[in-house]
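# Structural features, examined
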Amino acid sequence: MTKHLLLGTAIAAIAALPALAQDDSLLVFDYSGFEDPSFHQPYIDAHGDSPSFVFFGDEDEAFQRLVSGFTADVTHICAGSVPRWQASGIIEPWDTARIAAFADLDSSLVGQDVIAGSADLYFLPIDYGTTAVTYNTDEVTPEQVSSLAVFTDPAFAGRLSIPDNVDDAFALAYLATGVTDWTDATDAQFEAAADWLRSIHENLRTYWTDPAELGQLMGSGEVLVAWAWNEVPVAMADEGFPVGYERNTTEGTSAWLCGYVNMVEAPGSEDRAYDYVNAMLNPASAQGLLEGGFGTANAAALASLGEETLEANGLGTVIVPVLAQLPISNDQRERQAEAFERIKAGF
């Protein structure tokens, strides 16, 4: 599942079509919606037009097209896909010296090994969001959602939901079992997280598949508490629904992230590839991204939007640990995915 559903699944039917009349010196392979000029206005200011875009529906489709011979200069993916893409040899590292905002990137989204210079930057974080406890404020008190133990509370049995998304599910489970960095999770920690997910399975009303579905479940009262993306409470509050978003749960909270990878043997201009990602990370693009539902990975630019604005969009400051959904090994991700499918099936 993609974290970019809010940009409009209704236009997925045109996902394979190129955007119109744009700069042919750079081809961006992306989710539909990210061609929004407000996301990269500094690039337009410098070159007179947006780059050319070709859209995909999901990252598996994008990967298959690229390994089958399609060529692009940069591609937009989420962190979970990175190890597979890197192992395939279709991406190459970014030169951090050419990333203007590199020093201002949120270190928790980049990874300490990259910040320290001990690893190459294959994945440049650009946009991120949060996953935390969303709840019906008419039926649930703040005290009841102060801990992730709410998902084990028999008082809410059948009125809970978590995403049908292995990354979000295991982020929740690792946090609930005391792990705030999954990049070096031990076998014992993995087993504890899987056991915790298994223990809450019977408490769940459903595993929600997209924000609209969850909004309907919470709007109808079927679900009172959910592990949800920040866009959900924002949209529900706009509709007048009594909703809260608790990111300061005792055990911690989670953040997911997406960004761009630099394609090997790209046909276009390498200079313009850097111009494009620098434009995306430019402070001038932060407001546009926020209006699209995303936080910028440029921490300084994000802070400039003001704490009140960030809090209203589910991106405010927290005082608890943040488990960033950074890339993990293929083996670990496959093990988590296999366990999650078994748990959903009741095993």
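Residues numbered from 1 in each chain as written. Predicted model: local features only at pLDDT ≥ 70, side-chain atom pairs only at ≥ 80, totals over all residues. Heavy atoms only, no water.

## Quick notes on the environment of Gly-295
- For Gly-295, the location among the structural elements is in strand β11 (residues 295-296).
- Sequence separation between Gly-295 and Glu-338 is 43 residues, and the spatial gap between their C-alpha atoms is 31 Å.
- Discounting chain neighbours no more than four positions away, the residues touching Gly-295 are Ile-126, Asp-127, Tyr-128, Leu-302 and Leu-315. (Helix = DSSP H or I, 4+ residues; strand = E, 2+ residues; numbered from the N terminus. Contact = heavy atoms within 4.5 Å.)

## Things to note about the pairing of strand β6 (residues 160-163)
- A two-sided burial pattern is seen for β6, the buried positions comprising Leu-160 and Ile-162 on one face and Ser-161 and Pro-163 on the other.
- In the sheet, β6 pairs with strand β7 (residues 204-208) via four bridges, with the strands oriented parallel. Bridging across to β7, Ile-162 finds its partner in Tyr-207.
- Pairing between β6 and strand β8 (residues 225-229): two bridges, direction parallel. Bridge pairing in β8 links Ser-161 to Ala-226. (Buried < 20%, exposed > 50% of the residue type's maximum accessible area, 1.4 Å probe, protein only. Pairing = 2+ DSSP bridges.)

## A few points about the packing of aromatic side chains
- Evaluated as defined, the whole model comprises 18 aromatic pairs.
- Where Phe-34 meets Phe-39, the ring centres are 5.4 Å apart and the plane angle is 65°; that geometry is what we call edge-to-face.
- Phe-34 gets classed as buried once you look at its relative accessible area, which sits at 0%.
- Between Phe-53 and Phe-55, the ring centres sit 6.2 Å apart and the planes meet at 20°, which makes this aromatic pair stacked.
- Ring pairs connect the aromatic residues Phe-34, Phe-39, Trp-208, Trp-229, Trp-256 and Phe-294, which therefore count as one cluster.
- It is Arg-98 that lies over the ring of Tyr-274; its NZ or CZ is 4.2 Å from the centre. (Phe/Tyr/Trp six-rings, centres within 6.5 Å; stacked < 30°, edge-to-face > 60°. Lys NZ or Arg CZ within 6 Å of the ring centre and 35° of its normal.)

## Describing the state of the cysteines
- According to the stated counting rule, one finds one disulfide in the structure shown.
- Between the sulfur atoms of Cys-78 and its disulfide mate Cys-258 the distance is 2.0 Å. Its torsion about the S-S bond being 75°, the disulfide of Cys-78 and Cys-258 is classed as right-handed. With Cys-78 in strand β3 (residues 74-78) and Cys-258 in strand β10 (residues 253-263), this residue pair connects regions lying 180 residues apart in the sequence.
- Owing to a relative accessible area of 10%, Cys-78 belongs among the buried residues under this scheme. (Disulfide = S-S within 2.5 Å.)

## Quick look at the packing of helix α6 (residues 166-176) against helix α14 (residues 330-344)
- Close contact between α6 and α14 brings their axes to 10 Å; oriented N to C, the two are set at 90°. Comparing the axis directions of α6 and α14 gives the class roughly perpendicular. Side by side, α6 and α14 meet where Val-166, Asp-167, Ala-169, Phe-170 and Tyr-174 of the first sit next to Gln-332, Arg-333, Gln-336, Ala-337, Ala-339 and Phe-340 of the second.
- Its residues assigned to classes, the contact of α6 with α14 shows seven nonpolar, two polar and two charged. (Axes fitted to C-alpha atoms, helices over the stretch in contact; angles between N-to-C directions. Parallel < 35°, antiparallel > 145°, perpendicular 65-115°, else oblique. Nonpolar A, V, L, I, M, F, W, Y, C, P; charged D, E, K, R; others polar.)

## What to know about the layout of surface pockets
- In this structure, the second largest pocket spans a volume of roughly 450 Å³.
- Lining the second largest pocket are 26 residues, and of these Val-110, Gly-111, Asp-113, Leu-326 and Pro-327 sit closest to its centre.
- For the lining of the second largest pocket, the secondary-structure elements that each account for two or more residues are α3 (82-88), α4 (107-110), α5 (112-115) and β12 (322-324).
- Sorting elements by how many residues they give to the lining of the second largest pocket places α4 first, with four residues.
- Residues that form the lining of the second largest pocket fall into these classes: 16 nonpolar, seven polar and three charged. (1 Å grid on protein atoms, 1.4 Å probe; cavity = no way out; pocket = protein on both sides within 12 Å on 5 of 7 lines; lining within 4 Å. Points joined across faces, edges and corners; volume = space filled by probe spheres on them.)

## A short note on the confidence of the model for the chain
- Residues with a pLDDT of 70 or more make up 93% of the chain, whose mean pLDDT is 91.
- Counted against residues more than four places away or in other chains, residues 5-21, with its pLDDT under 50, gives 29 contacts. (pLDDT = per-residue confidence, 0-100.)

## Focus on the side chain of His-40
- For His-40, the location among the structural elements is in the loop between β1 (23-31) and α1 (41-47).
- In this view, His-40 contacts Phe-34, Glu-35, Ser-50, Pro-51, Phe-53, Tyr-276, Ala-279, Met-280 and Ser-285; residues no more than four positions away in its chain are not counted.

## Thoughts on the nonpolar core
- Counting residues in hydrophobic clusters, the biggest one holds 75 residues, and the most contacted among them are Trp-85, Trp-94, Leu-124, Tyr-260 and Tyr-276.
- Residues contacting Leu-124, with those up to four places away along its chain left out, are Trp-94, Ile-99, Leu-105, Cys-258, Gly-259, Tyr-260, Val-277 and Leu-281.
- One finds Tyr-135, Ile-162, Tyr-174 and Trp-227 within the second-largest nonpolar core, a separate group that totals 37 residues. (Core = buried A, V, L, I, M, F, W, Y, C linked by side-chain atoms within 4.5 Å.)

## Quick notes on helix α8 (residues 211-219)
- Three or more residues of α8 are buried, namely Pro-211, Leu-214, Gly-215, Leu-217 and Met-218. For α8, the arc enclosing every buried residue in end-on projection is 165°, short of the 170-degree limit, so these residues lie on one face. Opposite the packed face of α8, turned more than 90 degrees from it, sit the exposed residues Ala-212 and Gln-216.
- Where the residues of α8 are buried, they touch β5 (124-136), β6, β7, β8 and α9 (231-238).
- With a side-chain oxygen lying 3.0 Å from the backbone nitrogen of Ala-212, the N-terminal cap of α8 falls on Asp-210.
- Downstream of α8 by a residue or two, Gly-221 has a phi angle that is positive, lying close to 90°. (Arc of directions from axis to C-beta. Polar contact = N/O pair within 3.5 Å; in protein donor to acceptor, adjacent residues only side chain to side chain.)

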